[in-house]
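Architecture at a glance
If you want the building blocks of each chain, they are given just below.
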Amino acid sequence: MTEHSPETAQFFLTAAMPCPYLPERQERKLFTHLNGRRASALHRLLTDHGFRRSQNLIYRPACEGCSACQSVRIVTDEFEAGASLRRNARRNSDLRSEELMARVTQEQYDLFHKYLEARHAGGGMTQMTFSDYEYMVEDTPVRSMLIEYRAGVTANDRGQLVAVALTDVMTDGLSMVYSFFDPDLAERGLGTYMILDHVERARQAGLAYVYLGYWVKNSPKMAYKTRFRPLEVQQEAVGWLRLDLSSS
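Residues numbered from 1 in each chain as written. Predicted model: local features only at pLDDT ≥ 70, side-chain atom pairs only at ≥ 80, totals over all residues. Heavy atoms only, no water.

With that out of the way, let us pick up the sheet that holds strand S6 (residues 57-61). For sheets, the rule is that strands pair by backbone hydrogen bonds, running either parallel or antiparallel. Strand order across the open sheet formed by four strands is S1-S4-S6-S5, with antiparallel pairing between neighbours. In the strand order of this sheet, the two ends are held by strand S1 (12-13) and strand S5 (52-54), each with one partner. Relative to S6, S5 runs antiparallel, the two sharing three bridges. From the neighbouring strand, serine 54 faces S6, where its bridge partner is leucine 57. (Pairing = 2+ DSSP bridges. Helix = DSSP H or I, 4+ residues; strand = E, 2+ residues; numbered from the N terminus.)

Structure follows, in structure tokens:
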């Protein structure tokens, strides 16, 4: 990995922490900083090697004796929505979305905090202040955008903000960095809808992939990602391979 990276990149390992996906496991991350004029090039290169961006850092799991976390991406040209995904798209066809600069608002933060309290109660992110959220979104050295999804939009009313996605725009695809939605609207399946919307946006932009972050085979939290086929999984020794879901 190191020999393919720009000479200025220095990699570090985090201390071991409890794994959020698999019980009784410990996680460590290999990371480096993204800054300067080479930030975008390094971002592209490391994403192709299974890394993920968080603010001005880019990381991948480096856990001793475990390689369960695998970076996955949707192949947009070949993706075909199944019946349940088509129903989801119809259910949310009334929503209006808008691509915005990576700049935060109080309205976004209120929804973000509501989402965390409902879906990740007790987690460390629930303590994030407005400034913390601002840092998460705006501290980006690469091309990023926010996509807002609203219900009840009219000519005179911006409607209700129901979901937000923070997304990196890459030369070959869209990378979904973080997304959140109104937990009171669970029946809409907004998390699923945002992925469907990103696939369509990537297609319209002529981009080959939608990067979904990490998939863990035996983690129920990650199972939803296998609904979006075909998926490619990054394996360090050989690169990106088609994920064989029949054997996974």
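Turning next to the sheet that holds strand S9 (residues 144-151). Read across the sheet, eight strands follow the order S8-S9-S10-S11-S12-S7-S13-S14 without closing on themselves; strand pairing throughout is mixed. Of all the strands in the sheet, just strand S8 (96-101) and strand S14 (239-242) have a single pairing partner and so form its edges. The mean inter-strand angle of the sheet, taken between neighbouring strand axes irrespective of direction, is 35°. Strands strand S7 (69-75), S8, S9, strand S10 (160-169), strand S11 (173-181) and strand S12 (209-216) of the sheet are contacted by helix H5 (residues 190-204), whose axis makes an angle of about 155° with S11. (Axes fitted to C-alpha atoms, helices over the stretch in contact; angles between N-to-C directions. Contact = heavy atoms within 4.5 Å.)

Right, let's get into the packing of helix H2 (residues 83-91) against H5. Running from N to C, H2 and H5 point in directions that differ by 95°, and their axes come no closer than 10 Å. Taken together, H2 and H5 sit at an angle that is classed as roughly perpendicular. Every residue of H5 that contacts H2 at Leu85, Asn88 and Ala89 is listed here: Thr192, Tyr193 and Leu196. Class assignment for the residues of the contact of H2 with H5 results in four nonpolar, two polar and no charged. (Parallel < 35°, antiparallel > 145°, perpendicular 65-115°, else oblique. Nonpolar A, V, L, I, M, F, W, Y, C, P; charged D, E, K, R; others polar.)

Scanning all chains against the criterion turns up 17 aromatic pairs. On the basis of an interplanar angle of 65° and a centroid distance of 5.1 Å, the ring pair of tyrosine 115 and phenylalanine 181 is categorised as edge-to-face. Highlighted residues: tyrosine 115 in helix H3 (residues 106-119) and phenylalanine 181 in strand S11, separated in sequence by 66 residues. For tyrosine 115, a relative accessible area of 9% puts it in the buried group. Ring centres of tyrosine 211 and tryptophan 240 lie 5.8 Å apart, and the angle between their planes is 75°; on these two criteria the pair is classed as edge-to-face. Linking tyrosine 211 in strand S12 with tryptophan 240 in strand S14, this pair joins segments that are 29 residues apart in sequence. For tryptophan 240, a relative accessible area of 14% gives the class buried. Three or more aromatic residues joined by ring pairs make a cluster, and in this case those are Tyr109, Phe112, Tyr115, Phe130, Tyr133, Tyr178, Phe180 and Phe181. Over the face of the ring belonging to tyrosine 59 we find lysine 29, whose NZ or CZ atom lies 4.6 Å from the ring centre. Sitting over the ring of tryptophan 240, arginine 73 keeps its end group 4.0 Å from the ring centre. (Phe/Tyr/Trp six-rings, centres within 6.5 Å; stacked < 30°, edge-to-face > 60°. Buried < 20%, exposed > 50% of the residue type's maximum accessible area, 1.4 Å probe, protein only. Lys NZ or Arg CZ within 6 Å of the ring centre and 35° of its normal.)

The next subject is the pattern of salt bridges. In this structure the tally under the stated criterion is 14 salt bridges. With its nearest N and O atoms 3.9 Å apart, the salt bridge here joins aspartate 48 to arginine 73. Residue aspartate 48 is found in the loop between helix H1 (39-47) and S5, and its partner arginine 73 is found in strand S7; the two are separated by 25 residues along the sequence. Of the residues examined, aspartate 48 reaches a relative accessible area of 35% and is grouped as partly exposed. Across the pair glutamate 148 and arginine 158 runs a salt bridge, and its minimum N-O distance is 3.6 Å. Placement of the pair is glutamate 148 in strand S9 and arginine 158 in the loop between S9 and S10, with a sequence separation of ten residues. (Salt bridge = Lys/Arg side-chain N within 4 Å of Asp/Glu carboxyl O.)

Bringing the packing of H3 against helix H4 (residues 130-138) into the picture now. Viewed as axis vectors pointing N to C, H3 and H4 meet at an angle of 100°, and their least axial separation amounts to 10 Å. Comparing their axes, H4 and H3 come out roughly perpendicular. On H4, the residues touching Gln106, Gln108, Tyr109 and Phe112 of H3 are Phe130, Tyr133 and Met136. Split by residue class, the contact of H3 with H4 holds five nonpolar, two polar and no charged.

Our focus in this paragraph is the state of the cysteines. Per the stated rule, a full pass over the model turns up zero disulfides. Free of any disulfide, cysteine 19 has its nearest neighbouring cysteine sulfur in cysteine 69, separated by 5.9 Å. Cysteine cysteine 63 is unpaired, with the sulfur of cysteine 66 as its nearest cysteine sulfur at 5.7 Å. Taking relative accessible area as the criterion, cysteine 63 reaches 18% and is therefore assigned buried. (Disulfide = S-S within 2.5 Å.)

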